[in-house]
Amino acid sequence: MNNLVPRPEHQFTFGLWTVGSTGRDPFGAPTREPKSPAELVHLLADVGAYGVNFHDNDLIPIDATAAEAEAIKKDFRKALAETGLTVPMATTNLFYDPVFKDGAFTSNDPKVRAYAMQKTLRAIDLGVEFGAGVYVFWGGREGTESDSSKNPVEAIKRNREAMNFFCEYALDQGYNLRFALEAKPNEPRGDLYNPTTGHMLAFIETLDHPDMVGVNPEVAHEHMAGINFMHGVAQAWEAGKLFHIDLNDQYPGRYDQDFRFGSRDIKAAFYLVKFLEDVGYTGMRHFDAHAYRTEDDAGVKDFALGCMRTYLILKEKADQFNQDPEIQSLLDEINADDGSMTPYFGAYSSGKAKALKEAHFDRNAMGARGLQYERLDQLTIELLLGVR
Ligand code: GCO
Ligand code: MN
Ligand code: MN
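Procedures and definitions
Residues numbered from 1 in each chain as written. Chains lettered and ligands numbered in written order. Predicted model: local features only at pLDDT ≥ 70, side-chain atom pairs only at ≥ 80, totals over all residues. Heavy atoms only, no water. Donors = N, O, S within 2.8 Å, 3.2 Å for Na, K, Ca; no water. Buried < 20%, exposed > 50% of the residue type's maximum accessible area, 1.4 Å probe, protein only. Near = heavy atom within 4 Å. Polar contact = N/O pair within 3.5 Å; in protein donor to acceptor, adjacent residues only side chain to side chain. Areas by Shrake-Rupley, 256 points an atom, 1.4 Å probe, with all protein chains shown as cover. Nonpolar A, V, L, I, M, F, W, Y, C, P; charged D, E, K, R; others polar. Helix = DSSP H or I, 4+ residues; strand = E, 2+ residues; numbered from the N terminus. Lys, Arg positive; Asp, Glu negative; His and termini not counted. Salt bridge = Lys/Arg side-chain N within 4 Å of Asp/Glu carboxyl O. Contact = heavy atoms within 4.5 Å. Core = buried A, V, L, I, M, F, W, Y, C linked by side-chain atoms within 4.5 Å. Domains from an automatic or database assignment.

Before going further, it helps to examine the coordination of the manganese ion (ligand 2). The protein atoms that coordinate the manganese ion (ligand 2) are E218 (OE) and H221 (NE2), at distances of 2.1 to 2.2 Å. The distance between the manganese ion (ligand 2) and the manganese ion (ligand 3) comes to 3.7 Å, and E218 binds to both of them. The exposure class assigned to E218 is buried, which follows from its relative accessible area of 1%.

To continue, consider the site of ligand 1. Lining the immediate surroundings of ligand 1 are 13 residues, of which H55, E182, K184, E218 and D288 lie closest. K184 has a polar side-chain atom sitting 2.7 Å from an oxygen atom of ligand 1. Within the side chain of D288, an N or O atom sits 2.7 Å from an oxygen atom of ligand 1. In isolation ligand 1 has 330 Å² of accessible area, and contact with the protein removes 92% of it. Tallied by class, residues from the shell around ligand 1 come to 4 nonpolar, 3 polar and 6 charged.

Taken together, the protein ligands of the manganese ion (ligand 3) are E182 (OE), E218 (OE), D246 (OD) and D288 (OD), with distances of 2.0 to 2.2 Å. Positions of the donor residues of the manganese ion (ligand 3), expressed as sequence spacing, correspond to E-x35-E-x27-D-x41-D.

By the secondary structure assignment, D258 is in the loop between β9 (246-247) and α10 (266-279). Buried within the structure, D258 lacks any salt-bridge partner; its nearest side chain of opposite charge belongs to K184, at an N-O separation of 6.1 Å. At 3.1 Å, the side chain of D258 and the side chain of N248 are in polar contact. Every residue in contact with D258, bar those within four places of it in the chain, is listed here: E218, A220, N248, D249, Q250, D288, A289 and H290.

Attention now moves to the nonpolar core. The biggest cluster of nonpolar side chains holds 90 residues, and the ones touching the most others in it are F14, F76, F179 and F261. A total of 10 residues in this core trace back to one element, the largest contributor, which is helix α11 (residues 297-323). Residue-level mapping places this core at the junction of two domains, with at least three residues from each of domain 1 (2-319) and domain 2 (325-384). Apart from the residues within four sequence positions on either side, F76 is in contact with L16, P37, A38, V41, V52, F54, L59, V87 and F130. Core analysis: the next-biggest nonpolar cluster, separate from the first, contains 5 residues, M89, V134, V136 and F243 among them.

Spelled out as structure tokens, the structure:
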């Protein structure tokens, strides 16, 4: 079907590190040859992606000379021009190099903290150079294995000071940039600070420029914690903080799987896509996942196409849900409101409180009413299974 073909207007993006994953894991060597950033741009263009995102060191190796960096940037820029791909988001790798083994902005070593800030300032410049409008912060090493090693309040303060510094830097440079904080409960550290999107939202409100900072929630990260991803996304959206999103999939209670979007929990993926489409989220649909280690280059394309195709299928299903007469009349019934309670709601007044205290409610009848959610859920399942 034509509308299931990914096109640039769908704003699907991938990180260089996603389709560029060579299949290395903690137990085994790579199963695929590495590709250059320019080659990855062409791969993404072939499958219909809109954009490509990078960590500073996905593009430019940490030890590259200035001349090497220029050559890589030139090739990358050429590939972008040839394909029309954009770079909507960029980020810093603050987790791979041994220097960050005990964290970056929250490290106990002031030299490491200062180096992390230097690396981030340079990486921000690089992202902006390629047009990034969103800058992601994922503190992969900002945590502990042993809580005897770090003071968690100090860690929050260090993190805050760093974020305030970067906001001021962006303003000082006149960059049109927003920051998106990405939470994860654990891995690669035993425990990470600010482990969920909700923690991040609370942290953001304590910053000097909370308006510049939002979140980048990731499906897998909240599923690792066993919580409802869509609810967290909704909270971020309602707070005006959904600046970016990392789509993938994950079984709860397992290692960090980064599976193809929608490959594990179709129902959760459906409610997520329905939410994003219903509210009119205009940001990038970014896939932060990678192909199974079993795959060759063709399999990597199958993976990338699969992420986007599943999103588009679920988008169609969301449309179908919104137009299904039986589902919609059931929802109308569920949400019925005859207006008789309206006088009790809204802003407080002492009169309202008095009236409410005197009102009579038939608690037993209210509690006895069946809500028909079994029927509604089964209709949803049948729709998803393709028999409606
Ligand atoms: C992970 C994270 C990362 C970040 C990326 C961008 O679990 O490894 O999701 O992939 O999203 O570093 O900040
Ligand atoms: Mn992740
Ligand atoms: Mn991520």
